[in-house]
Number of protein chains: 2
Amino acid sequence: MAGGNIEERKVVESREWYLAAYAPKGVPTSDHLKLRSVPLSLAADSIPDGHVAVESLLISVDPYQRTRMTGLDEGLYFPQFNLNEVISAFAVGRVIRSKDSNYKEGDIVLNPFFPVAEYIVVPSAAFIRKVDPVSGVPLPDYLSSLATGELFGDPKPGSNVFISAAAGAVGMYAGQLAKLKGCRVVGSTGSDEKVKLVKEEFGYDDAFNYNKETDFDSALSKYFPDGIDIYFDNVGGKMLESVLNHVNKHARIPVCGMISDYKKIWTEREGVRNLLNMVGKEVRIEGFLVGSYLDRFGDFAKEMESYIKEGKINSKHKIYRGIESYLESLGSIFTSANSGKVIIEVKV
Amino acid sequence: MAGGNIEERKVVESREWYLAAYAPKGVPTSDHLKLRSVPLSLAADSIPDGHVAVESLLISVDPYQRTRMTGLDEGLYFPQFNLNEVISAFAVGRVIRSKDSNYKEGDIVLNPFFPVAEYIVVPSAAFIRKVDPVSGVPLPDYLSSLATGELFGDPKPGSNVFISAAAGAVGMYAGQLAKLKGCRVVGSTGSDEKVKLVKEEFGYDDAFNYNKETDFDSALSKYFPDGIDIYFDNVGGKMLESVLNHVNKHARIPVCGMISDYKKIWTEREGVRNLLNMVGKEVRIEGFLVGSYLDRFGDFAKEMESYIKEGKINSKHKIYRGIESYLESLGSIFTSANSGKVIIEVKV
């Protein structure tokens, strides 16, 4: 946006991304996602009671967002974005005006459905949680590590843990937390470079490249001779099916995304055919949404703080600068070359 | 078996069912399952320490047993029966000799993997639990209602509960327990007679015939305008997939069997393609085995006792007489005509 102190201006030109056309197949391009600039009044008297004006700091770029841009019936995941309306994403912002006594200027807020815009005016009640920044935990880690701790519960030391998308935004934290809790951790990822990354930087016991070891059943037999106790599923589809052939009694499968499913609408996907194994092994599969755990964010941030300060958790972020990079950054996460968390730094 | 008082005889002729050939397709016939008579010594000095001799009273005839007779790789459900060895089933028996001080003659015992034989001698430690018969709860109800209570947890009154195989051995209890806990309960079943049965005898709020209403998505839209909170899955496959298009936030899906999957080996089944809905709605699917809850059997029997005595739970059993009826009874449960629990009464 144009320069100048925000305090001095009443109306800003806020750039925002909107969906001009649905992309039923393939990753959205500039035909589908477009940037526009809209004037937004930040004058105190133009902000309704119970609302806050927020400037975006960081925007999380997540694979699932693609499912909201297809225009197709995607079942019960998130609803489609409306054409010509600003899209939304998980983001961190800073309050710059407040008409709610619970919020004051400078407060840092989280919102899982934050408009992908430089400035927004929103009801403070909906989807916004305040964060007390913990010294030593970089904001990008706030964004990307939130749900991970919640999903594991308390794994027994020695548990055999498998993480798919092991070098990805969620996998990298999941694997390291499992290691910290005394588990044996093996990951799958899409390139030899990322196999190296998760073993050397994230401390996984082992990892394999699913583009090379394409017989997942054989791979899991090799890497899990004692079976799998926890599968942290980021992928779904064929990998989940193979895992269900290697689960131990009472295995748990937290799922916070299924990237292999985002490429097709559900009726065109290959289904999981061996759910019956869940009965014989008394397995639990459970879906999780980050947005449901915002209330516990503070506790988790404190746990992460100690780990990060002691150098026990490494993270890898691909930072894009400026809101204009949204389209490019979204495309990047659907290539095997991507690793770590993709974040847009809107404002430093 | 031949007549005469068991107390007076040292050796009995015990009839038992064994698998003469695997049945990879179709329901097993007399080509696959055969009855034979074997002599068994019940002399006290022929029973090893830590073993008990038991006479069979009731044998449960369950759909999943078919999956143990195919000779095919069925994944991680129960292992295949060995050819020419006696098969096993969930059963209730009475101790007639004991070489374990924890058991005495006359004790009633449960065993989820009880040889399908008139008399057996088994280690008391493995798979056997003692039951204190509760007056007023018929033994058939012991057999068939065990797992049901455990699976529900504590459903909120007003929850929308869907039960597949609603007139079946497990469904009939599940539906009635859900009603007693204040839920709205709808079932699916395979004939108009059974729709009538579950509504009139078991008190379901509504029910539909899945052989007539074959568009499950439309049926569930009609019967669950407010969505599904709990799905008690006995079926798997397409019905589970349709349910996942109608689940509410935090829906729970306990699974204790998947009868639609027993007809095909897993690689030939149509898979469930919309597990991604579990993420968006934070759904939990969890497998349960009756055999894992034997320790809590007493508590559940007490709960059931009061319900049954007050006439709040109805049950329907199809009782076959004599161990020779095993093959016929097994075939019966794979027809739409079957309802309720199929049990063999070996001894009155």
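Our subject is the structure that appears above.
Predicted model, so just to flag it, every value in this text is computed and none were measured.

## Topic: the packing of aromatic side chains
Residues and elements named next belong to chain A.
Thought 1: Under the defined criterion, the tally for this structure stands at 10 aromatic pairs over all chains.
Thought 2: Seen from their ring centres, Phe162 and Phe224 are 5.6 Å apart, and the 75 degrees between their planes marks the pair as edge-to-face. One end of the pair, Phe162, is in strand β8 (residues 160-163); the other, Phe224, is in the loop between α5 (216-223) and β11 (228-232), and 62 residues separate them in sequence.
Thought 3: Residue Phe162 is classed as buried on the basis of its relative accessible area, which comes to 0%.
Thought 4: For Phe224, a relative accessible area of 2% gives the class buried.
Thought 5: Through pairs of rings, three or more aromatic residues link up here, namely Phe162, Phe208, Tyr223, Phe224 and Tyr231.

## Observations regarding the interface of chain A and chain B
It is common to report an interface's size as the accessible area lost on association of the parts.
Thought 1: Tallying the contact residues gives 42 residues for chain A and 42 residues for chain B.
Thought 2: Counting the surface lost from both chain A and chain B, the interface buries some 3600 Å², and carbon and sulfur atoms represent 63% of this.
Thought 3: In this structure, the connection of chain A to chain B is made through 2 salt bridges.
Thought 4: Counting every contact that joins chain A to chain B gives 10 residue pairs in polar contact (both at pLDDT 80 or more).
Thought 5: Looking at the side of chain A that touches chain B, the elements with two or more residues in it are α6 (237-243), β12 (247-255), α7 (277-280) and β13 (284-287) of chain A.
Thought 6: With 3 bridges connecting them, β13(A) and strand β13 (residues 284-287) of chain B associate as antiparallel partners. Following the sheet pairing, A:Glu286 is matched in β13(B) by B:Arg284.

## Some points on the pattern of salt bridges
Thought 1: One pass over the full model with this rule turns up 40 salt bridges over all chains.
Thought 2: Linking A:Lys341 and A:Asp62 is a salt bridge whose minimum nitrogen-to-oxygen distance equals 2.9 Å. With A:Lys341 in strand β15 (residues 341-345) and A:Asp62 in the loop between β3 (51-60) and β4 (88-98), this pair connects stretches of sequence that are 279 residues apart. One exposure class covers both A:Lys341 and A:Asp62, and it is buried.
Thought 3: Measuring nitrogen to oxygen at the nearest pair gives 3.2 Å for the salt bridge that ties B:Lys249 to B:Glu282. Residue B:Lys249 is located in strand β12 (residues 247-255), and its partner B:Glu282 is located in the loop between α6 (277-280) and β13; the two are separated by 33 residues in the primary sequence.

## Thoughts on helix α4 (residues 216-223) of chain B
Residue and element names in this part refer to chain B.
Thought 1: Buried within α4 we find Phe216, Ala219, Leu220 and Tyr223. Seen from one end, α4 has its buried residues packed into an arc of 95 degrees, which puts them on one side.
Thought 2: In this fold, the buried residues of α4 make contact with β8 (160-163), β9 (184-189), β10 (206-209), β11 (228-232) and α5 (237-243).

## Considerations on unusual backbone geometry
Leaving glycine out, the prevailing phi sign among residues is negative, and the prevailing peptide bond configuration is trans.
Thought 1: With a phi angle near 50 degrees, A:Ala165 is a residue other than glycine that sits in the positive phi range.
Thought 2: A positive phi angle, near 60 degrees, is found at B:His250, a position not held by glycine.

## Regarding the nonpolar core
Thought 1: Ranked by internal contacts, the top residues of the largest apolar core, which has 64 residues, are A:Ile253, A:Leu275, B:Ile253 and B:Leu275.
Thought 2: When sequence neighbours within four positions are dropped, the list of residues in contact with A:Ile253 reads A:Tyr231, A:Asp233, A:Leu240, A:Val243, A:Leu244, A:Val247, A:Val283, A:Arg284, A:Ile285 and A:Glu286.

## Quick word on the environment of A:Tyr119
All names here are of chain A.
Thought 1: Tracing the backbone shows Tyr119 in strand β6 (residues 119-123).
Thought 2: Taking C-alpha positions, Tyr119 is 5.7 Å from Ser14, a pair spaced 105 residues apart along the chain.
Thought 3: Among the polar contacts made by the side chain of Tyr119, one reaches the side chain of Lys347 at a distance of 3.1 Å.

## Concerning the pairing of β10(B)
All names here are of chain B.
Thought 1: The pairing of β9 with β10 spans 4 bridges and is classified as parallel. Looking at the pairing, Thr189 lines up with Asn209 of β10.
Thought 2: With helix α3 (residues 192-200) bridging β9 and the parallel β10, this β-α-β connection has right-handed handedness.

Definitions and limits used
- Residues numbered from 1 in each chain as written.
- Chains lettered and ligands numbered in written order.
- Predicted model: local features only at pLDDT ≥ 70, side-chain atom pairs only at ≥ 80, totals over all residues.
- Heavy atoms only, no water.
- Phe/Tyr/Trp six-rings, centres within 6.5 Å; stacked < 30°, edge-to-face > 60°.
- Helix = DSSP H or I, 4+ residues; strand = E, 2+ residues; numbered from the N terminus.
- Buried < 20%, exposed > 50% of the residue type's maximum accessible area, 1.4 Å probe, protein only.
- Contact = heavy atoms within 4.5 Å.
- Buried area = accessible area lost by both parts, 1.4 Å probe.
- Salt bridge = Lys/Arg side-chain N within 4 Å of Asp/Glu carboxyl O.
- Polar contact = N/O pair within 3.5 Å; in protein donor to acceptor, adjacent residues only side chain to side chain.
- Pairing = 2+ DSSP bridges.
- Arc of directions from axis to C-beta.
- Core = buried A, V, L, I, M, F, W, Y, C linked by side-chain atoms within 4.5 Å.
- Right-handed = clockwise from strand over helix to strand, strands pointing away.

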